[in-house]
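# Descriptive analysis of the structure
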Amino acid sequence: MPEQTATEPTTAERIAALDARHRQVVETAEDRARQKQHQKGKLTARERLDLLFDSGSFVELDEFVRHRCTEYGMSGDRPDGDGVITGYGTVDGRQVCAFSQDFTILGGSMGEACGGKVMKLMDLAMKIGCPVVGINDSGGARIQEGVLSLAHYAEIGRRNVLASGVIPQISLIMGPCAGGAVYSPAMTDVTVMVRDTSYMFVTGPEVVAAVMGERTTRDELGGAETNSEVAGNVHHVADDEPAAIAWVRDLLGYLPSNNLEEPPVFAHAGAPEVTDRDRHLDGIMPDSANRTYDMVELIERVVDEDSLLPFQESFAPNIICALASVEGRSVGVVANQPGHLAGAIDLDASVKAARFVRMCDAFRIPILTLVDVPGYLPGVQQERMGIIRHGAKLLYAYSEATVPLVTVVVGKAYGGGYAVMGSKHLGADINLAWPTAKIAVMGAGGAVLMLYRKALATAEGADRERLLAKYTEEYRQLFDSPYIAAERGYVDRVIRPSQTRLEVARALRALRHKRAELPAKRHGNIPL
Ligand code: HXC
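So, here's what we can say about the structure. Computed from a predicted model, the values in this text were never measured in an experiment.

How each quantity is defined
- Residues numbered from 1 in each chain as written.
- Predicted model: local features only at pLDDT ≥ 70, side-chain atom pairs only at ≥ 80, totals over all residues.
- Heavy atoms only, no water.
- Helix = DSSP H or I, 4+ residues; strand = E, 2+ residues; numbered from the N terminus.
- Expected span 1.5 Å × (residues − 1).
- Buried < 20%, exposed > 50% of the residue type's maximum accessible area, 1.4 Å probe, protein only.
- Arc of directions from axis to C-beta.
- Contact = heavy atoms within 4.5 Å.
- 1 Å grid on protein atoms, 1.4 Å probe; cavity = no way out; pocket = protein on both sides within 12 Å on 5 of 7 lines; lining within 4 Å.
- Points joined across faces, edges and corners; volume = space filled by probe spheres on them.
- Nonpolar A, V, L, I, M, F, W, Y, C, P; charged D, E, K, R; others polar.
- Axes fitted to C-alpha atoms, helices over the stretch in contact; angles between N-to-C directions.
- Parallel < 35°, antiparallel > 145°, perpendicular 65-115°, else oblique.
- Left-handed = near helix turned anticlockwise from the far one by under 90°.
- Near = heavy atom within 4 Å.
- Polar contact = N/O pair within 3.5 Å; in protein donor to acceptor, adjacent residues only side chain to side chain.
- Areas by Shrake-Rupley, 256 points an atom, 1.4 Å probe, with all protein chains shown as cover.
- Salt bridge = Lys/Arg side-chain N within 4 Å of Asp/Glu carboxyl O.
- Phe/Tyr/Trp six-rings, centres within 6.5 Å; stacked < 30°, edge-to-face > 60°.

Let us now look at helix α18 (residues 461-479). Residue pairs spaced three or four apart in an α-helix point in one direction, given the helix's 3.6 residues per turn. Under the 1.5 Å per step criterion, the end-to-end length of α18 is 27 Å for 19 residues, consistent within 8% with the ideal 27 Å. Where α18 is concerned, the buried positions are Leu467, Leu468, Tyr471, Thr472 and Tyr475. One side of α18 holds all its buried residues, which, seen down the axis, span an arc of 130 degrees. In α18, the exposed positions that point more than 90 degrees away from the buried face belong to Ala462 and Gln477. Its buried side turned inward, α18 meets β16 (438-440), α16 (444-451) and α17 (453-458).

Here you go:
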C-alpha cells in the first residue's frame, strides 16, 4: 500500500472540511439571512422549510451548486447553493419535495445553476410521485445571466405543465414574485400569499409608470388583496408566514401524493344516526324569499366536523369551493352562496369552480355539489366580458369529471344553473334534493310574465293583480318543487334535510370504486 504523503489530507481532515463547508452554507449564511429577512418581517428560506417539513426530516440536495456566470463581476460572487434550497422530506409522514428561494443571496434571482436545481427537484418529484411545494421570494430572472435565466424559467414552466394533474404542485409567495416569474406559480394547483410581505405582478410600479404613465403601488398592482379578491390568482391569503405554511400542511392532508394514489383517509367521529346537529338542517331554509341563510353553515353540517378548508374565499364568494372530508375521506365541495349575488353564477364564479372541479378530478377527490342557484348572472357587463365562454368552463369541467359526483339541490336550481351545477345530465352519479328544492327554467315571477304576456297585457288594475297571483300560484305548484325532476329520475331521491349527512356519506361509500372513462383523444378543447 502506498505511503500517505504529507500534503494529502487525512480522512478526518476531509470530514472536518465537509463539516466546515456545510457550516458555511447552513450556519454562516443563515445568520446573515436571518438579520436581513427578519427586519423585513420575513422568515429565512431555511426557517420556512423547517416549518413545512416534519422536524428533522428535510434532506437538502445540491447545497454546493454554484453559478458559472462571469459577467458584471459575478465570478467574484459565487455563493454555495446559488440562492435556492432544494430537497425532500416528510409532511405528516408523507414524502414531499420543496424548493425555497433565498432572497438574501443574489436576490433569490433565477439563473442557470439555481434553475437547474429546481428542475432536478421537479424531475425527482415526478419519479417519486410526490407533491412539490415551491416557496417563492425572488427578484426574478437574474439579469447578469441574460437568456440563460429566461431559458430556465421556461424549462420550469414546461415541467409545471407536464407535472400538472400528475403530482400536486403548491406555491407559497413569500416576497417578490415579479415578471415572467409569476407564470410558474400560476400553473401550479394552489397559490398562497402572505398579507403585507408578498407581492406578485407581471410589471412593477416603475415600469407601469414609465410605459403607461399610471401612478400606482406594489400593493395595488400585486398585493395579497389584489391577487386574492380581484384577480383570483391566489387561493388563500394568510396573515403571516407560519400561518401560510400551516395552511399548506393542512392542504397536503387532503391530496393524494399523485394521480395514481387515493387521498389519505383520516379517523372521523361522525355519528351513524341523525343527530341534533343534523336536525338543525330541517329549519335552515327560510320560508320567506326575502331572508337568506349561510351556505357555509349548511356545508359544515354535512361534512366531517372542522374539516372544511375553503379555497379562494374572498374571490367570487357567490360560489363556495372547499376541500373537506366525509367519513374521513377527502371531498371537494362546490356550492352556491345565496348571500352573495343571490348565488348567481357570474364569470368569476364559473372560472373559480371549474378550476376547482378539474383539480379534484385530477387528484381522485369526489365532488359534492350543493345547489341553490337562480342561474347565470345576467347583464351587459357579464355578456361583454364573456360569460358565454367563461360560463362554459364549469359545464366543461363537470362533464369531463370522472370522480364520484354527488349533488344535493337544497333550494333553487333554475335555468343554466340547474344544468351546470352537477346535474344528472352532466354525469353526476347520485342526485338528491330537499323538499325545498325548486327545479325549473326560471322563478315564478319571470316565468308568469313570459307565459301569460298576452293575457296580462289586456288586463288592468286589480284584475291584472288577481290574474298575476293566480298564475304565479299555479306555476309554483307545478314547477317550484323537486317533484317533476324526481318524476323523470333526474333526481334520485328527495330527502329530509336532516338526512343529508348520512345520505351523502352513503352515496360516496357506494361510489368509492366507481369506474368511468372518457373517449380517447389527444386532449379536449376547453373554452379558455
Ligand atoms: C439580479 C437581483 C435581481 C435580479 C434583485 N437582485 N433582483 N439581481 N437579478 N432580477 C439583487 C439586487 O441587485 C440586490 O443585490 C439584492 O438582490 C436585493 O435586491 P434589492 O433591490 O436591494 O431588494 P428590494 O429593495 O427588496 O427590492 C426587491 C425588488 C428589486 C423589487 C424585487 O430587487 C427589483 O426590482 N428587482 C428586479 C426585478 C425584475 O425586474 N426582475 C426581472 C423580471 S422579468 P445587492 O448586491 O445590492 O444586495 C422576469 C422574466 C422571467 O423575471 C421570464 C420567464 C419566462
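Continuing now.
Moving on, we get to empty space enclosed by the protein. Summary: where empty space remains is shown by rolling a probe the size of a single water molecule over the atoms. For the structure on display, the rule yields 4 cavities of 30 Å³ or more. The volume enclosed by the largest cavity comes to roughly 100 Å³. Together, 14 residues line the largest cavity, and Val25, Arg46, Ile85, Asp102 and Ile105 are the ones closest to its centre. Elements with a minimum of two residues in the lining of the largest cavity: α1 (11-38) and β2 (84-91). By residue class, the composition of the lining of the largest cavity is 6 nonpolar, 2 polar and 6 charged.

To continue, consider the environment of Leu502. Secondary-structure assignment places Leu502 in helix α20 (residues 500-510). A C-alpha to C-alpha distance of 9.7 Å links Leu502 and Glu327, two positions 175 residues apart in sequence. In this structure, Leu502 is in contact with Ala271, Pro272, Glu273 and Val274, ignoring residues within four places of it in sequence.

What follows is about the packing of helix α3 (residues 112-128) against helix α4 (residues 147-163). Two elements in contact, α3 and α4, have axes whose closest approach is 9 Å; the angle formed by their N-to-C orientations is 10 degrees. It follows that α3 is roughly parallel to α4 by the angle criterion. For the element pair α3 and α4, the recorded crossing hand is left-handed. Contact residues: α3 offers Glu112, Gly115, Gly116, Val118, Met119, Met122, Asp123 and Met126, while α4 offers Leu148, His152, Glu155, Ile156, Arg159, Asn160, Leu162 and Ala163. Classifying every residue of the contact of α3 with α4 by side-chain character gives 8 nonpolar, 4 polar and 4 charged.

Right, let's get into unusual backbone geometry. A positive phi angle, near 50 degrees, is found at Leu106, a position not held by glycine. Summarising the element assignment, Leu106 is placed in the loop between β3 (94-101) and α3. A relative accessible area of 22% means that Leu106 is categorised as partly exposed. Residue Arg364 is not a glycine yet carries a positive backbone phi of 60 degrees. Within the secondary structure, Arg364 is located in the loop between α12 (347-362) and β13 (367-373). Classification of Arg364 as partly exposed rests on a relative accessible area of 32%.

With that settled, consider the site of the ligand. The immediate surroundings of the ligand are formed by 20 residues, with Gly107, Gly139, Ala141, Ile143 and Tyr153 found nearest. Gly107 places a polar main-chain atom, nitrogen or oxygen, 3.2 Å from an oxygen atom of the ligand. At a separation of 2.7 Å, a nitrogen atom of the ligand approaches a polar backbone atom of Gly139. Burial of the ligand by the protein chains amounts to 51% of its free accessible area of 1,000 Å². Going through the elements one at a time, α4 and β6 (176-178) are the ones with two or more residues in the shell around the ligand. Along the lines of polarity and charge, the residues of the shell around the ligand split into 10 nonpolar, 7 polar and 3 charged.

Packing of α16 against α18 brings their axes to within 9 Å, and their N-to-C directions diverge by 115 degrees. Crossing hand, α16 versus α18: right-handed. Contacts from Ala444, Ala447, Val448, Leu449 and Leu451 of α16 reach α18 at Arg464, Leu468, Tyr471, Thr472, Tyr475 and Arg476. Classifying every residue of the contact of α16 with α18 by side-chain character gives 8 nonpolar, 1 polar and 2 charged.

What follows covers the pattern of salt bridges. Taken as a whole and assessed by the stated rule, the structure comprises 31 salt bridges. Here Arg249 ties to Asp92 by a salt bridge, and the two come within 3.0 Å at their closest N and O atoms. You can see Arg249 sitting in helix α9 (residues 241-252) and its partner Asp92 sitting in the loop between β2 and β3, a full 157 residues away along the chain. Note that Arg195 is salt-bridged to Asp239, the shortest N-O span being 2.9 Å. Of the two residues, Arg195 sits in the loop between β7 (190-194) and β8 (199-201) while Asp239 sits in the loop between β9 (236-238) and α9, which places them 44 residues apart along the sequence. Classification of Arg195 by relative accessible area gives partly exposed; the value is 28%. A residue is classified by how much of its surface remains accessible, and Asp239, at 59% relative accessible area, is exposed. Three or more residues are tied together by salt bridges with common partners; here these are Lys42, Arg48, Asp137 and Glu241.

The next subject is the packing of aromatic side chains. With the rule as written, the count across this model stands at 6 aromatic pairs. Their ring planes at 50 degrees and their centres at 6.0 Å tell us that Trp247 and Phe311 sit as a pair that is tilted. Residue Trp247 is located in helix α9, and its partner Phe311 is located in strand β10 (residues 309-311); the two are separated by 64 residues in the primary sequence. Like Phe311, Trp247 is buried.

Right, let's talk about helix α6 (residues 205-212) for a bit. Of the residues making up α6, those classed as buried are Pro205, Val208 and Ala209. Projected down its long axis, α6 carries its buried residues within an arc of 100 degrees, all on one side. The exposed residues of α6 that point more than 90 degrees off its buried face are Glu206, Ala210 and Val211. Taken together, the buried residues of α6 touch β8 and α7 (218-222). Gly213 sits one or two positions beyond α6 and adopts a positive phi of about 70 degrees.

Everything listed is a geometric property; what it means functionally is a separate question.
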